[in-house]
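Topology and contacts: notes
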Amino acid sequence: MTLTLERPATTATVGDRMRRPELQISDDVMVDVAIDILRGSGADHVLVRDDDGCCAGLLSRAHLAQFEIRSRLSERIPVRDITFDRGPFATVEMPAATASAAMRARGLAVWPVVDHDGHAVGLFDL
């Protein structure tokens, strides 16, 4: 008689599939500076963190599109005062399938991943 042991099914987590964030800015950065950072880097998005270093959200080129025409107004608006993707965020131990479903429901292509203290540790892509 032959006994075969089956391996337990492993579920991929967000932590298994996330990537490190390339860019991060503070939420007190002015809109025109954020535009320059995205243009200069060629990135489509940047993580935003608050005064405590916690993840405040993800700012994309689409969020900044209305400010592309420079004005004195965009020079005086910090990114914290405009609309961008804010929490809730994914966690490292969240199942990747659950995160993917949540992202599709929210219309997100990229989702910040935070630790238990709320600090950004990565980005999860669909």
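Above this text you will find the structure in question.
Let me begin by describing the structure that accompanies this report.

Definitions and limits used
Residues numbered from 1 in each chain as written. Predicted model: local features only at pLDDT ≥ 70, side-chain atom pairs only at ≥ 80, totals over all residues. Heavy atoms only, no water. Helix = DSSP H or I, 4+ residues; strand = E, 2+ residues; numbered from the N terminus. Buried < 20%, exposed > 50% of the residue type's maximum accessible area, 1.4 Å probe, protein only. Contact = heavy atoms within 4.5 Å. Areas by Shrake-Rupley, 256 points an atom, 1.4 Å probe, with all protein chains shown as cover. Polar contact = N/O pair within 3.5 Å; in protein donor to acceptor, adjacent residues only side chain to side chain. Phe/Tyr/Trp six-rings, centres within 6.5 Å; stacked < 30°, edge-to-face > 60°. Lys NZ or Arg CZ within 6 Å of the ring centre and 35° of its normal. Pairing = 2+ DSSP bridges.

Now for the overall build of the chain. Within the chain one finds 5 helices and 6 strands. Listing each helix as α and each strand as β along the chain from the N terminus yields α-β-α-β-β-α-α-β-α-β-β. When the 126 residues of the chain are sorted by exposure, 40% land in the buried category. Put simply, 53% of the contacts in the chain that link residues at least 6 apart link residues at least 24 apart. In the structure as shown, the chain presents an accessible area of about 7,700 Å², 52% of it carried by carbon and sulfur atoms.

Among the secondary structure elements, Asp28 is positioned in the loop between β1 (24-26) and α2 (31-41). For the pair Asp28 and Val79, spaced 51 residues apart in sequence, the C-alpha to C-alpha distance is 6.3 Å. Each residue touching Asp28, except ones within four places of it in the same chain, is listed here: Pro78 and Arg80. Within the structure, the side chain of Asp28 is placed 2.7 Å from the side chain of Ser26, a separation counted as a polar contact.

Scanning all chains against the criterion turns up 0 aromatic pairs. For the cation-ring pair, Arg86 lies above Phe84, with the distance from its terminal atom to the ring centre recorded as 3.9 Å.

On to the sheet that holds strand β5 (residues 110-114). Each strand in a sheet pairs with another by means of backbone hydrogen bonds, the pair being arranged parallel or else antiparallel. As summarised here, the arrangement of the 3 strands in space is β4-β5-β6, forming an open sheet in which the pairing is mixed. Strands with a single pairing partner mark the edges of an open sheet, and in this sheet they are β4 (90-91) and β6 (120-125). Strand direction decides the pairing type here: β4 and β5, joined by 2 bridges, are parallel. Its bridge partner lying in β5, Thr91 is registered against Val114.

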